[in-house]
Amino acid sequence: KMAPWMFAAALLLLVLVLFPFIGKGVNGARRWISLGIMNFQPSELAKLAVLLYAASYMVRKMEVKERFFHAVAPMAVAVGVVGMLLLAEPDMGAFMVIVVIAMGILFLGGVNARMFFLMALVVVGAFALMVMTSEFRRLRVFAYLDPWSVEHALGKGYQLSHSLIAFGRGEIFGVGLGGSVEKLHWLPEAHTDFLLAVIGEEFGLVGVVVLIALFLWLTRRIMHIGRQAIALDQVFAGLVAQGVGLWMGFQAFINIGVNLGALPTKGLTLPLMSYGGSAILLNLVAIAIVLRVDYENRQMMKGGRS
């Protein structure tokens, strides 16, 4: 019942952050609202709001399997509005996560597979167009392809090249906890976007593999809780839990890929680990919701009521 109101509140905050006297700008992006004790990032709330709204929408529009365009069009418009506001900040990374959450819930909710893949192709084409029509995004892609060149090493490829240096220094077992040199003002955003590079430097290949395994286990466990809820006929709770699994898994995948040089540089934090106020707060709220779903599943399996 609260999902549409929460979605409306997130939209309002995404609009307010664009006003110069309300939104706080950092490095050319206006993404934060200062609350005194912390900076609040509306895009983090938007992830949870879209997740809840998409899950409630699928429960209310179960005829989506038969009347695809009629049922999915309103959801596409809602995500499109959120996307335009996020790109105005700009925050393409958060928009990517929100699109994956929304599309994932549509697919898990029963959208026709062929129509889903057609929709996925349209989304991929749209993101490719955004990159091609934006000079700074194109430069990021070129820097990702050749971060060591003279042209990029001290520019758009600076973060990636120093991230790779950090992994190289870590080798198999790392230089030891606290022994990272790259985090001492060599690697920008070492405490947020490039935290994994510092972990790789201090704990080596072993530490990185353990961390990836933990994220895989976390995502798999959350998705299992969601499937369990759906099997118990708690469709909304199940879709919400699976949406959180998609959120955590996809964002971790992008962050790890960026740090390792497998994906172009994108400003996404590592869930539950990167330094942050609103980001880690919303991560914990999402995990708490999943724990509640799991609790209700266990109660129902014992013969109680959710």
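Structure: see above.
These figures come from a predicted structure and were not determined experimentally. The written sequence of each chain sets the order in which its residues are numbered from 1. In view of the model being predicted, local features appear only for residues whose pLDDT reaches at least 70, and side-chain atom pairs are presented and counted only at 80 or more, with totals across whole chains, interfaces and linings using the full set of residues. Derived side-chain values reflect all non-hydrogen atoms in the structure, with water molecules and hydrogen atoms excluded from consideration.

## Examining the overall build of the chain
Only runs of H or I of at least four residues qualify as helices and only runs of E of at least two qualify as strands under DSSP, and these elements are numbered from the N terminus. When you go through the chain residue by residue, the secondary structure sums to eleven helices and three strands. Sequence-ordered secondary structure for the chain, helices as α and strands as β, is α-β-β-β-α-α-α-α-α-α-α-α-α-α. Here the C-alpha atoms of the chain give a radius of gyration of 20 Å, agreeing with the 19 Å that 2.2 N^0.38 yields for 306 residues. The dimensions of the chain, computed from C-alpha atoms along their principal axes, are 55 × 45 × 45 Å. Each residue's exposure class comes from its accessible area (1.4 Å probe, protein chains only) as a fraction of the maximum for that residue type: buried when under 20%, exposed when over 50%, partly exposed otherwise. When each of the 306 residues of the chain is scored for burial, the buried share is 47%. Residue contacts follow a heavy-atom distance rule, with two residues in contact if any of their heavy atoms lie within 4.5 Å. Contacts in the chain between residues far apart in sequence, at least 24 positions, make up 65% of those at least 6 positions apart. Using the Shrake-Rupley algorithm and a 1.4 Å probe, accessible areas are obtained, with residue cover drawn only from the displayed protein chains. Carbon and sulfur atoms provide 69% of the accessible area of the chain, an area that totals close to 15,400 Å². For this count, His and the chain ends are skipped, Lys and Arg are scored as positive, and Asp and Glu as negative. Charged side chains are reduced to one point each, which is NZ for Lys, CZ for Arg, CG for Asp and CD for Glu. In the chain, 24 positive and 17 negative side-chain charges are present, and the distance between their average locations comes to 10 Å. With C-alpha atoms as the basis for the radius of gyration, the globule rule is written as 2.2 Å multiplied by the number of residues raised to the power 0.38.

## Some remarks on the nonpolar core
For the purposes of this section, nonpolar cores are sets of buried Ala, Val, Leu, Ile, Met, Phe, Trp, Tyr and Cys residues that join through side-chain atoms within 4.5 Å. Met75, Val82 and Trp247 are the most contacted members of the largest nonpolar core, which has 79 residues in total. Excluding residues that lie within four positions of it along the chain, Trp247 makes contacts with Glu44, Lys47, Leu48, Leu51, Val97, Ile101, Leu282, Asn283 and Ala286.

## Here we look at the sheet that holds strand 2 (residues 29-34)
Whenever strands of a sheet pair, they do so through backbone hydrogen bonds, lying parallel or antiparallel. Any two strands with at least two DSSP bridges between them are considered paired. Spatially, the three strands line up as an open sheet ordered 1-2-3, and their pairing is antiparallel. Edge strands, defined here as strands with exactly one partner in the open sheet, are strand 1 (23-26) and strand 3 (39-40).

## Looking at the environment of Pro20
Within the secondary structure, Pro20 sits in the loop between helix 1 (3-16) and strand 1. Note on Pro20: relative accessible area 60%, which makes it exposed. Along the sequence, Pro20 and Arg30 sit ten residues apart, while their C-alpha atoms lie 8.2 Å from each other.

## A word on the pairing of strand 2
Side-chain positions along a regular strand alternate between the two faces of the sheet. As paired elements, strand 1 and strand 2 share four bridges and run antiparallel to each other. Counterpart to Lys24 in the pairing with strand 2 is Trp32. Where strand 2 lies against strand 3, two bridges are found, and the strand directions are antiparallel. Across the sheet, the residue bridging to Ile33 is Phe40, located in strand 3. Here strand 2 folds back onto strand 3, and the loop between the two strands holds four residues, one of which, Gly36, carries a positive phi near 90°.

## Observations regarding helix 2 (residues 42-60)
A helix is expected to reach a length of 1.5 Å times the quantity of its residues less one. The end-to-end C-alpha separation of helix 2 is 26 Å, in line with the 27 Å expected for 19 residues at 1.5 Å each. With 17 of its 19 residues buried, helix 2 lies for the most part within the structure.

## Description of the packing of helix 9 (residues 195-231) against helix 11 (residues 278-301)
Each packed pair of helices is defined by two parameters, the angle between the axes and the distance between the axes. It is at 9 Å that the axes of helix 9 and helix 11 come closest, and there the two elements cross at 45°. With respect to their mutual orientation, helix 9 and helix 11 come out oblique. Where helix 9 crosses over helix 11, the two elements pack in a sense that is left-handed. For the pair helix 9 and helix 11, the contacting residues are Leu218, Arg221, Ile222, Ile225, Gln228 and Ala229 in the first and Ile287, Val290, Val293, Asp294, Asn297, Arg298 and Met301 in the second. Polarity classes work like this: nonpolar for Ala, Val, Leu, Ile, Met, Phe, Trp, Tyr, Cys and Pro, charged for Asp, Glu, Lys and Arg, and polar for all others, with Gly in that last group. The residue inventory of the contact of helix 9 with helix 11, partitioned by class, reads eight nonpolar, two polar and three charged. With axes taken as lines fitted to C-alpha atoms, and helix axes fitted only over the stretch in contact, angles between N-to-C directions fall between 0 and 180 degrees. Orientation labels follow simple angle bins: below 35 degrees gives roughly parallel, above 145 gives roughly antiparallel, 65 to 115 gives roughly perpendicular, and whatever is left gives oblique. Take the far helix as the reference: if the near one is turned anticlockwise from it by less than a right angle, the crossing is left-handed, and if turned clockwise, right-handed.

## Examining helix 8 (residues 158-170)
Spanning 13 residues, helix 8 covers 19 Å between terminal C-alpha atoms, matching the ideal 18 Å at 1.5 Å per step. For helix 8, the set of buried residues is Gln159, Leu160, Ser161, His162, Ser163, Ala166, Phe167 and Gly170. Those residues of helix 8 that are buried lie in contact with helix 6 (135-145), helix 7 (150-153), helix 9 and helix 10 (235-259). Once helix 8 finishes, Glu171 follows within two positions and takes phi at roughly 50°, a positive value.

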